[in-house]
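# Geometric and topological summary
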Amino acid sequence: MTLLFLDGRWQPAGGRATREILSPHDGRVVAEVAEATAEDAVVAITAARRAFDTGTWRHTPAPERARAIAAIGQLVAEHREDLAHLETLDTGKPIAESRVDMDDIAAVFAYFAGLAGNEAGRVVAAPSPGVVSRVQREPVGVCSLITPWNYPLLQAAWKLAPALAAGNTVVLKPSELTPLTTHRLVELIDTQLDLPPGVLNLVLGAGPVVGEPLTTHPDVDLVSFTGGVATGSAIMAKAAATIKRVALELGGKNPNLVFADVDLDLAADHALTAAYLHAGQVCSAGSRLLVDASIHDDLVERIVARLPEITLGDGFVEGVRCGPLISPEHRAKVEGYIAGAIDDGASLVAGGRRPDDPSLAHGTYLLPTLFTDVDPSMTIVREEVFGPVLTVEAFRTEAEAVALANDTVYGLAGAVWTNDAGRAERVAGALRCGTVWINDFHPYFPQAEWGGFKRSGIGRELGIAGYDEYTELKHVHHTLRPAVSGWLPTG
């Protein structure tokens, strides 16, 4: 059974409760983990507070912290296969995707190690002689890091690497559905590195129980959360009582715009990847395909023709391209969206049901689904489904395409496909989202910031801004030869 990691020690949950972790592929129990209580979370917060206030980590020279962060990335690289196996076991995604995730995670730790090692603040010119004035970055303090189930270790790395690199102490809480890789990484860090007790704490458990103190406790200085809009909104409201820093990476309803001057086979290929990678359980999934009316039918035909190539099944089987949804409850939610779209008059062109293959009957599988004849008022177009569901809308002008793309409360990502460089830049500039791909979909890398406009969140992960989220700015004004101010008369 896995345990909690509190103040440098592995221990069972205070109430001795446990949770079974189920494989979404076939429903079998793959692990049993400790189920933390709210009191366990407070123990973790207290340890992190003590480690920050009286410990050595935040005073450790930046180059030394950088070496520790780089070493974590090296651990991920060395244990790539083990971690990828656990990620596929947990999430059901194909093992090839999990291996790519591990490579990306190693790169994230390497990047933030480089940033930490080079952070020196800046000297600013003072208006008076005899003054040295500088602006420096310091760690925020105790950080609650709450991560989702779709990319468990990747999302943990996006938060953990900059938080530790900047000198903070952390309480890390993975999703209760997919805790195995995060737990394993903390094990590796504990056995291979010499972090002071309380710098890194791990609690496992349900959000309503464990997440409550992580977002409300006065000893927490920052909450970083990736997940749904409703939960993010609740966290923001609760954090307001103690004026905590909040970083939120939330949902998306991401448009993928295709103009008539592109290679349709290429556009179809990327539309499939955009919508159905990881069974559509991606916050930046291209779930809204906006197509020039003159090529609408042709592009849809090419996409539908290739849907059978998306092989569903066990992520450990070679050739499988798409795994299950994360849980029966989540599949039922996606199926509800599909039924609602049909009731609203959308045309179901493909999918919309569970696969017939009896070998998949015990898993939470759903066929890749495609709707046409949708309009922007439909729920299937407006709300994040977070499943293998693609809707197709037609446009006739560039202005209409941009208007349709921006007609959403979200603003995480989007793409534009065109061979007209001027149009590409115009549309990219007009899209109200944090990431825009031109003639591509899904790539990201640690050097470029990630985050959304509107209800897709606040703050940024990755890049320089992703590091800055975990720091406070301090201005230090040093008068070298102090003298009487002259404000009051001297006796």
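What this report covers is the structure whose coordinates are included nearby. Small disclaimer: the values here were computed from a predicted structure and weren't measured.

Calculation rules
All residue numbers here refer to positions counted from 1 along the written sequence of the relevant chain. Two thresholds apply to this predicted model, a pLDDT of at least 70 for residue-level local features and 80 or more for giving and counting side-chain atom pairs, whereas whole-chain, interface and lining totals are computed over all residues. Excluding hydrogens and water, the side-chain values take into account all heavy atoms of the structure. Put simply, DSSP marks the helices as runs of H or I at least four residues long and the strands as runs of E at least two long, and each gets a number from the N terminus on. Throughout, exposure labels follow a simple rule: accessible area from a 1.4 Å probe, protein chains only, divided by the maximum for the residue type, with under 20% read as buried, over 50% as exposed, and the rest as partly exposed. Contacts were defined at the residue level, with two residues in contact if any of their heavy atoms lie within 4.5 Å. Surface exposure here means Shrake-Rupley accessible area, sampled with a 1.4 Å probe, where a residue is shielded only by the protein chains that are shown. Here, a salt bridge means any Lys or Arg side-chain nitrogen found within 4 Å of an Asp or Glu carboxyl oxygen. If DSSP finds at least two bridges between two strands, the strands pair. Throughout, an axis means a line fitted to C-alpha atoms (over the contacting stretch in the case of helices), and angles, computed between N-to-C directions, take values from 0 to 180 degrees. Here, nonpolar core means buried Ala, Val, Leu, Ile, Met, Phe, Trp, Tyr and Cys residues that are tied together by side-chain atoms lying within 4.5 Å of each other. Polar contact is the term for a pair of N or O atoms within 3.5 Å; when the atoms are in protein, one must be able to donate a hydrogen and the other to accept it, and sequence-neighboring residues count only if both atoms are side-chain atoms. Buriedness for pockets is judged along seven lines, at least five of which must meet protein on both sides within 12 Å for an open set on the 1 Å grid over protein atoms alone, while cavities are sets there where a 1.4 Å probe fits but cannot get out, and lining residues have an atom within 4 Å of a point. Grid points are joined across faces, edges and corners, and a volume is the space filled by probe spheres set on the points. Put simply, Ala, Val, Leu, Ile, Met, Phe, Trp, Tyr, Cys and Pro go in the nonpolar bin, Asp, Glu, Lys and Arg in the charged bin, and everything else, Gly too, in the polar bin. Expected helix span is taken as 1.5 Å per residue step, with the number of steps being one fewer than the number of residues.

### Concerning the overall build of the protein chain
What the protein chain contains, in helices and strands, is 15 helices and 22 strands. For the protein chain, the C-alpha atoms occupy an extent of roughly 90 × 55 × 40 Å along the three principal directions. Looking at the protein chain as a whole, 54% of its 491 residues qualify as buried. Long-range pairs, those at least 24 residues apart, make up 73% of the contacts in the protein chain with a sequence separation of at least 6. With the model as given, the accessible surface of the protein chain reaches about 20000 Å², and the carbon-plus-sulfur share is 54%.

### Focus: the environment of T397
Tracing the sequence through the fold places T397 in the loop between β16 (389-395) and α13 (398-406). The exposure class of T397 is partly exposed, given its relative accessible area of 42%. Expressed as a C-alpha distance, the spacing of T397 and H85, which sit 312 residues apart in the sequence, is 47 Å.

### Notes on the pattern of salt bridges
All told, the structure shown has 27 salt bridges when counted by the stated rule. We note a salt bridge from R99 to E81, for which the minimum N-O separation is 2.7 Å. With a gap of 18 residues between them, R99 in helix α4 (residues 95-118) and E81 in helix α3 (residues 80-91) connect regions that are remote in the sequence. Residue classification places E81 among the partly exposed residues on the basis of a relative accessible area of 41%. When salt bridges with common partners are traced through the structure, they connect D261, E398, R423 and R426 into a single cluster.

### Observations concerning the pairing of β16
Along any regular strand the residues' side chains alternate between the sheet's two faces. Burial of β16 is extensive: six of the seven residues sit out of reach of the surface. Pairing between strand β13 (residues 288-292) and β16: five bridges, direction parallel. What sits directly across from L289, in β16, is V392. Sheet topology note: the strand β15 (residues 369-372)/β16 ladder contains three bridges and is parallel. Residue pairing for β16: L370 is matched across the bridge by L390.

### As for the sheet that holds strand β6 (residues 131-139)
Taking strand neighbours across the sheet as the criterion, the three strands line up as β5-β6-β22 in an open arrangement whose pairing is antiparallel. Two strands lie at the open edges of the sheet, namely β5 (122-124) and β22 (471-479), each paired on one side alone. When strand polarity is set aside, the average angle formed by the axes of neighbouring strands in this sheet is 30 degrees. Relative to β6, β5 runs antiparallel, the two being bridged by three bridges.

### A few points about the nonpolar core
F109, L160, L289 and I380 are the most contacted members of the largest nonpolar core, which has 135 residues in total. Among the elements that make up this core, the one with the highest residue count is α4 (11 residues). Sequence-distant contacts of I380, defined by excluding residues within four places in its chain, comprise K253, Y337, A341, F371, V374, V385, V389 and T391. Grouped together as the second largest cluster of nonpolar side chains are 12 residues, L257, F259, A405 and L431 included.

### Regarding the side chain of Q281
Mapped onto the secondary structure, Q281 falls in the loop between α9 (264-276) and β13. Overall, Q281 belongs to the buried group, its relative accessible area being 0%. In terms of polar contacts, Q281 uses its side chain to reach the backbone carbonyl oxygen of P324, at 3.4 Å.

### Remarks on the sheet that holds strand β19 (residues 435-438)
The seven strands are arranged β14-β15-β16-β13-β12-β18-β19 in an open sheet whose pairing can be described as mixed. Of all strands in the sheet, those bounded by a partner on one side alone are β14 (347-350) and β19. Within this sheet the neighbouring strands show an average axis-to-axis angle of 25 degrees, counted without direction. Where β14 meets β15, three bridges bridge the pair, whose relative direction is antiparallel. Across the sheet, residue A350 finds its bridge partner in β15, namely L370.

### Focus on the layout of surface pockets
Roughly 1300 Å³ of internal volume is contained in the largest pocket. For the largest pocket, the lining is made up of 49 residues, of which W149, S175, L177, G228 and T231 are closest to its centre. Where the lining of the largest pocket is concerned, the elements lending two or more residues are β3 (18-22), α7 (207-216), β10 (222-226), α8 (229-240) and α11 (328-343). Considering every element that reaches the lining of the largest pocket, the biggest residue donor is α8, with six residues. Here the residues of the lining of the largest pocket are counted per class, giving 20 nonpolar, 17 polar and 12 charged. There is about 470 Å³ of room inside the second largest pocket. Forming the walls of the second largest pocket are 23 residues, and the residues nearest its centre are Y151, L277, H442, P443 and Y444. Elements with a contribution of two residues or more to the lining of the second largest pocket: α4, α5 (152-165) and α9.

### As for α3
With 12 residues, α3 should cover 16 Å at 1.5 Å per step; its first-to-last C-alpha distance of 16 Å lies within 8% of that length. For α3, every residue scored as buried is listed here: L83, A84, L86, E87, T88, L89, D90 and T91. Where α3 is buried, its residues contact β3, β4 (29-34), α2 (62-78), α4, α5 and α6 (180-192). Immediately beyond the C-terminal end of α3, within one or two residues, lies G92, with a positive phi of roughly 85 degrees.

### So, the environment of A36
Within the secondary structure, A36 is located in the loop between β4 and α1 (38-54). Sequence separation between A36 and L202 is 166 residues; the distance between their C-alpha atoms is 9.8 Å. Ignoring anything within four residues of it in the chain, the contact list for A36 reads L4, A13, V203, L204, G205, V209 and V210.

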